[in-house]
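A structural walkthrough
Each chain, letter by letter, is given below.
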Amino acid sequence: MKELLSGNEAIARGAYECGARFAAGYPGTPSTEIMEEFAKYPDVYAEWAPNEKVALETAIGAGLAGARAMAVMKHVGVNVAADPLFTVSYTGTNGALVIITADDPSLHSSQNEQDNRNYAKFAKVPMLEPSSSQEAKDFARLAFEISERFDTPVFLRTTTRLSHSKSIVNIGEPDVREGREGIKINPAKYVMVPMNARARRMEVEKRLGALRDFAETFPENRIEWNSREAGVIASGMAYNYAKEAFPEYSFLKLGMAYPMPDRMIREFAAGVRKLYVVEELDPFIEEHVRTLGIEATGKEIFPAMNEFDPGIIEHAITGIKPESRITPPKIPARPPNLCPGCPHRGLFYVLGKLNAFVSGDIGCYTLSFMEPLMGLHSCICMGASIGMAHGMSRALGDKGRGKVVGVIGDSTFVHSGITPLLNSAYNRSNIVVVICDNRTTAMTGMQDHPATGRTLLGNETVRLDFEKLAAALGIESIRVIDPRKIRETRTALKEELLKEGPSVVISRGACVLLRTGKKEETRKKLRVDADKCTGCGVCLGLGCPPISWKKFESARTSSRGKVQEGTAVIDPALCAGCTLCRQICGAGAIQEAVE
Amino acid sequence: MSDSTRSILLAGVGGQGILRASDIISLALMSAGHDVKKSEVHGMAQRGGCVTSHVRYGKKVYSPISRKGEVDILLSFEKLETLRYLDYLKADGAVIVNEEEIYPPSVNLGLEKYPAGIEKTVGRYFKKVKSVNASRIAEQAGNPRTANTVMIGVLSNCLDLALVVWERVINRAFPEKLVKDNITAFHLGRSA
């Protein structure tokens, strides 16, 4: 049976078909759907972990118990999981362990575009790299087989373009696999103290040697001979782009990005007059090819940044840039924005006017750094808001009193905000930490987490209580606010900023996109009374999508003698009725719309 | 069936149902025997940003995205977005434009103007331009949320696929209670 599947759906299907029944991950674009799809299959166990380190450790444990387990994360998630990664490479896996890394060339929805092929080499772990949904499904199976055969974790690397492209896949029947789970005690292999780790270190080298030999005969490393004038070494999506741009060239397609098949590379290089290495991001293959003493053309003509397309490769090789006959008119950009009715909007409207430094984090609310809210002033990685605020407060001393805020979403706080909050309590800084608690992992599409009280498989479970947690960590001042009430929000933040020591403010309001299953309160849409609007533009400062500015044909003079150039307008089709604009309108011009 | 790969580019704003539309188009092409790849970027785009989806089909498709200057049909769900992706079209490419205007933040704030005369600009470069008011047609179909299916209906005139293929795919793509409205929307778009 043929189906049109995304790369992510295909990875989930491949894992399921080959008998994997265990997965742990943390949501992150572009990896999220792998877990969501896998969780839908019968008889699987799949869980959202609080973060990628926990997810990987969970999968390591499952593998050690004999299961075929996978850990799923986006590229920067591997940074979080790097600690166990580098040592599970030594212990091996017993069962099978596949780590999915979903990279994001062009930073479509990430804070950096790191090339995680480097992790394969760094951690001495083999890596497969599919280039289509069919390969994504097939390589998932191969990854589990290689893991078992070589007793090693295996990386399966995807990129946004593979994860979120759909192509045709042959669906197979799931394997019937005997359960091989059981407890094995083997301290020399699994207790990584120096004495044991030194011995395992040698095993890692032996394993890499065996994998190098395996790579030479691995069918997914293949030479496609064609014209000998030029040859291309490529893997992943880059293969497709190069193949489409230059179908007449010969190709060495590497299904295994690490370790590479040296003999095959030598044979291929010797068989073509001109050799290109086409790869997105880092010169990972290119540098290896050069260590073999082979001349190749790579990053001197192909970009080291952003994803490719066939045109980029054609242009790089021919040196001819096609001239566009279109002179594009200058058009307004369309950046993403907080949704109408978003609970973050009220909070960040207030934060932007507090004259404080707002140390931010990763989530929808990061968007509020933009005009007009401008309520967030830094963003590095998951959890960094609190640690950075703490460091800033300590460095500023008295100069920073009442001026440093850290903001972090609920899911992000659970991911990696707890330890820095503990640190702030322990090492006493004067910061206000705002947990933007919208009851879900909104940015990646409404995933549950430990504070929602539900699991990935849809079961009710214990719900993390932020108030109690903050108290247990040593925070003395803890309060909950409703960010849709601007005055209350402003007062609360100002009061907390004046206090000695760290405070926690929980800004609680469910994401407007969250479907809770409960009957939702219907909110009345709002409209602007044109007779009352003074055209001051304060409501525009919310950056709310339904509110726009309508300039008059010619300036008018109001009844109070003030010159007015235009008026605010609310699009009723978009208005969520949150009333923030009504709360800040000094003229009382915003009213409930009559249906 | 020609050996060369053909490309459709869908463009618009998050929330307009572009990803669903490109799924339907891809499934129709697939059931007509084409190799198909489609690609989109979501994530941040869900928050009112630009959304694009490439659909490519032919005998054997490698790249899921098109290069600039090779797209056969630009199916634009929002007027301004048409301009943003015009340079993806090939010289004799076709443009289908939904007349809906969704203001980006800078226009809402009064900092920039929503460009005027978009149809004229498009017409200066391309001969095959079809303009429709998909939202109004969707209301005629009985459901304003079927504007994306209206657009598929308009597009269907440019593709060599049997009507029954489209109907079958639309039938499967929606929950039962929404099928009728979407079939109506498709036909209204097709005859628009």
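Residues numbered from 1 in each chain as written. Chains lettered and ligands numbered in written order. Predicted model: local features only at pLDDT ≥ 70, side-chain atom pairs only at ≥ 80, totals over all residues. Heavy atoms only, no water.

Quick look at the overall build of chain A now. Summing up its helical and strand segments, chain A has 21 helices and 22 strands in all. The C-alpha radius of gyration computed for chain A amounts to 27 Å, which stays within 12% of the reference 25 Å derived for 595 residues, consistent with globular compactness. Each of the three principal axes of chain A carries a C-alpha extent, and together these read 85 × 65 × 50 Å. Here chain A, with 595 residues, has 58% of them falling under the buried criterion. Taking contacts inside chain A between residues at least 6 apart in sequence as the whole, the part at least 24 apart equals 74%. Accessible area for chain A stands at about 24,800 Å²; split by element, carbon and sulfur atoms hold 53% of it. For chain A, the centre of its 73 positive side-chain charges and the centre of its 71 negative side-chain charges are spaced 5 Å apart. (Helix = DSSP H or I, 4+ residues; strand = E, 2+ residues; numbered from the N terminus. Rg over C-alpha atoms; globule rule 2.2 N^0.38 Å. Buried < 20%, exposed > 50% of the residue type's maximum accessible area, 1.4 Å probe, protein only. Contact = heavy atoms within 4.5 Å. Areas by Shrake-Rupley, 256 points an atom, 1.4 Å probe, with all protein chains shown as cover. Lys, Arg positive; Asp, Glu negative; His and termini not counted. Charge placed at Lys NZ, Arg CZ, Asp CG, Glu CD.)

Moving on: the overall build of chain B. Summing up its helical and strand segments, chain B has eight helices and six strands in all. In terms of its C-alpha atoms, chain B occupies a principal-axis envelope of roughly 50 × 40 × 35 Å. For chain B, the proportion of contacts with a sequence separation of at least 24, taken over those separated by at least 6, is 63%. Of the roughly 7,800 Å² of accessible surface on chain B, a fraction of 50% belongs to carbon and sulfur atoms. Between the centroid of the 26 positive side chains of chain B and the centroid of its 20 negative side chains there is a distance of 2 Å.

It is common to report an interface's size as the accessible area lost on association of the parts. Split into domains, chain A comes out as domain 1 (2–217), domain 2 (221–318), domain 3 (343–508) and domain 4 (526–592). Once you take the C-alpha centre of each, domain 1 of chain A and domain 4 of chain A turn out to be 53 Å apart. (Domains from an automatic or database assignment.)

With that settled, the discussion passes to the environment of Ala304(A). All names here are of chain A. Locating alanine 304 in the fold gives a position in the loop between helix 13 (284–291) and helix 14 (310–318). Spatially, the C-alpha atom of alanine 304 lies 7.4 Å from that of proline 283, the residues being 21 residues apart in sequence. Apart from the residues lying within four places of it in its own chain, the contact partners of alanine 304 are Glu113, Leu281 and Lys299.

Residues and elements named next belong to chain A. Residue proline 30 follows threonine 29 across a cis peptide bond; omega there is 10°. Here proline 30 shows up in the loop between strand 2 (22–25) and helix 2 (32–38). Put simply, tyrosine 258 and proline 259 share a cis peptide bond, and its omega is -10°. Inspection of the secondary structure assignment puts proline 259 in the loop between strand 12 (256–258) and helix 12 (262–271). At lysine 124, a position not held by glycine, the phi torsion is positive, near 60°. Turning to its location among the elements, lysine 124 is positioned in the loop between helix 6 (117–123) and strand 6 (127–128). We classify lysine 124 as partly exposed; its relative accessible area is 22%.

All right, on to the pattern of salt bridges then. Residue and element names in this part refer to chain A. Under the criterion given, the structure shown has 51 salt bridges over all chains. Ionic pairing is found between glutamate 57 and lysine 53, a salt bridge with its closest N-O pair at 2.7 Å. Pair noted here: glutamate 57 and lysine 53 are both in helix 3 (residues 52–64), with a separation of four residues, about one helical turn. Its relative accessible area of 30% is what places lysine 53 among the partly exposed residues. Arginine 508 is the salt-bridge partner of glutamate 467, the closest N and O atoms lying 3.1 Å from each other. Taken together, the residues span a long stretch of sequence, with glutamate 467 in helix 19 (residues 466–473) and arginine 508 in strand 18 (residues 503–508) at a distance of 41 residues. Residue classification places glutamate 467 among the partly exposed residues on the basis of a relative accessible area of 26%. (Salt bridge = Lys/Arg side-chain N within 4 Å of Asp/Glu carboxyl O.)

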